[in-house]
Amino acid sequence: MSEHLNDRQFSEWMAGERPEELVAHVGVCVACRGEVARFDALLGSFREGVRSMSAEAPVIRVPTARWVPRLVLAGALAALLAAITLYPPRPAPVVVAAVEVSDLVLFEQVNAQLARRVPGAMEPLAALTWPEGKSE
Amino acid sequence: MERAAELTDFDAVVAEYWPRIYRFALGSLRDKGAAESLAQDCLLKAWKARDRFRGEASVSTWLMQIAVNLIRDRIRNRRLQFWKRTTEASVDDLIVADGKSSPEKAASARQQLAAVWNATASLPERQRTVFLLRFVEDMDLLEIAAATGLSEGTVKVHLFRALQAVRAKVKGAGQ
């Protein structure tokens, strides 16, 4: 093998596939040996970098813990909906005093109507016919 | 089985494998919050399925198998959850300062490392998984095949392609 490693051979080498032919070439070719060593070092730095990045791995938590607030919130919402369904809001309370007043007024009007001897439209005529203080 | 017996002390399993699963998830998802959540889900799944573990593979490979599947699902679902907040891991978190190199060399090393980080992010999911398992987790091809459910030959193909893509990006960044 006289030429330098091609892309496929280079990848094979880095993946750990090292047939005798490649080993022999890398053993004698300074350029390929340097290229392989540089890339190998770079992958080593990458490994160290990722490992150091995750070295401060957060402490494991109980897996359900993060769902608890959501469950509580969901439960509260469900309870609220159930309460609204079972106990719908009452209509506004009626003002009793006003009703009582209006009833009194109505009774007085009815009493006044009943107390008349003749319909209202005939009252002037009745006054002419029947002197004051006399009944029919 | 000796391997299955390892699961009887699950606290020890969590202590040993939690950082590794978190690291693999972080490399795959680039999101610290999602990686933490996924590592928790992975160990919870393992805990629930511990009675079914027969020890055909090592505990480590079995856990990585669960993690690989969860990551695949998470990536699929993430496309539908674009509104979710992320705590993105950036290349700045990755840089390891050695304090020995000249500023020029340090800058060049940083540039190349950033190129590898960005290249792995743009790899197809399977290539990225295989690449991370090989070069960050130091797993051999057979272990990767067991963890991913792929044949050894397919793992090789994904690894070669990933290496070619990463190398091309690094060259482009000025190696």
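**Topic: the nonpolar core**
Stage number 1. Ranked by size, the top nonpolar core spans 72 residues in total, and within it F39 and F46 of chain A together with L63, F131 and L163 of chain B carry the most contacts.
Stage number 2. In terms of residues, this core owes the most to one element, helix 2 (residues 10-29) of chain B, which gives eleven residues.
Stage number 3. Contact partners of L63 of chain B, with chain neighbours within four places excluded, come to V13, Y17, I21, C42, L43 and A46 of chain B.

**What about the interface of chain A and chain B?**
Stage number 1. Between chain A and chain B, the residue contacts involve 30 residues of the former and 39 residues of the latter.
Stage number 2. Roughly 3,400 Å² of surface becomes buried between chain A and chain B when both sides are summed, with 66% attributable to carbon and sulfur atoms.
Stage number 3. Taken together, the links from chain A to chain B amount to five salt bridges.
Stage number 4. Of the charged contacts in the structure, one is a salt bridge between R51 of chain A and D138 of chain B, with a shortest N-O distance of 3.9 Å.
Stage number 5. Along the contact surface separating chain A from chain B lie six residue pairs in polar contact (both at pLDDT 80 or more).
Stage number 6. Those elements that provide at least two residues to the side of chain A that touches chain B are helix 1 (7-15) and helix 3 (30-53) of chain A.
Stage number 7. Ranked by residue count, the leading element in the side of chain A that touches chain B is helix 3 of chain A, at 14 residues.
Stage number 8. Classifying every residue of the side of chain A that touches chain B gives 14 nonpolar, five polar and eleven charged.

**Quick word on the pattern of salt bridges**
Stage number 1. As enumerated under the stated definition, the model contains eleven salt bridges over all chains in all.
Stage number 2. The salt bridge involving E125 of chain B is made with R72 of chain B; its shortest N-O contact spans 3.5 Å. On the criterion of sequence distance, the pair formed by E125 of chain B in helix 7 (residues 125-135) and R72 of chain B in helix 4 (residues 59-78) is long-range, its members being 53 residues apart.
Stage number 3. For R72 of chain B, a relative accessible area of 16% corresponds to the buried category.
Stage number 4. One salt-bridge network, in which partners are shared between bridges, spans D7, E35 and R38 of chain A together with R167 of chain B.

**Here we look at the side chain of R167 of chain B**
Stage number 1. Its place among the elements puts R167 of chain B in helix 9 (residues 152-172).
Stage number 2. Those residues within four positions of R167 of chain B in sequence are excluded, and the remaining contacts are D7, F10, E35 and F39 of chain A.

**Describing the confidence of the model for chain B**
Stage number 1. Predicted confidence across chain B gives a mean pLDDT of 86, with 85% of residues reaching 70 or more.
Stage number 2. Looking at the elements of chain B, mean pLDDT is at its lowest for helix 5 (residues 91-94) of chain B, recorded as 66, and at its highest for helix 7 of chain B, recorded as 96.

**Section: the packing of helix 2 of chain B against helix 7 of chain B**
Residue and element names in this part refer to chain B.
Stage number 1. Running from N to C, helix 2 and helix 7 cross one another at 140°; their axes reach a closest spacing of 10 Å. Viewed along their axes, helix 2 and helix 7 adopt a mutual orientation that is oblique. Judged by the twist between their axes, the crossing of helix 2 over helix 7 is right-handed. Residues F24, G27 and S28 of helix 2 form the contact with helix 7, whose participating residues are R128, T129, L132 and L133.
Stage number 2. For the contact of helix 2 with helix 7, the per-class residue count stands at three nonpolar, three polar and one charged.

Definitions and cut-offs
Residues numbered from 1 in each chain as written. Chains lettered and ligands numbered in written order. Predicted model: local features only at pLDDT ≥ 70, side-chain atom pairs only at ≥ 80, totals over all residues. Heavy atoms only, no water. Core = buried A, V, L, I, M, F, W, Y, C linked by side-chain atoms within 4.5 Å. Buried < 20%, exposed > 50% of the residue type's maximum accessible area, 1.4 Å probe, protein only. Helix = DSSP H or I, 4+ residues; strand = E, 2+ residues; numbered from the N terminus. Contact = heavy atoms within 4.5 Å. Buried area = accessible area lost by both parts, 1.4 Å probe. Salt bridge = Lys/Arg side-chain N within 4 Å of Asp/Glu carboxyl O. Polar contact = N/O pair within 3.5 Å; in protein donor to acceptor, adjacent residues only side chain to side chain. Nonpolar A, V, L, I, M, F, W, Y, C, P; charged D, E, K, R; others polar. pLDDT = per-residue confidence, 0-100. Axes fitted to C-alpha atoms, helices over the stretch in contact; angles between N-to-C directions. Parallel < 35°, antiparallel > 145°, perpendicular 65-115°, else oblique. Left-handed = near helix turned anticlockwise from the far one by under 90°.

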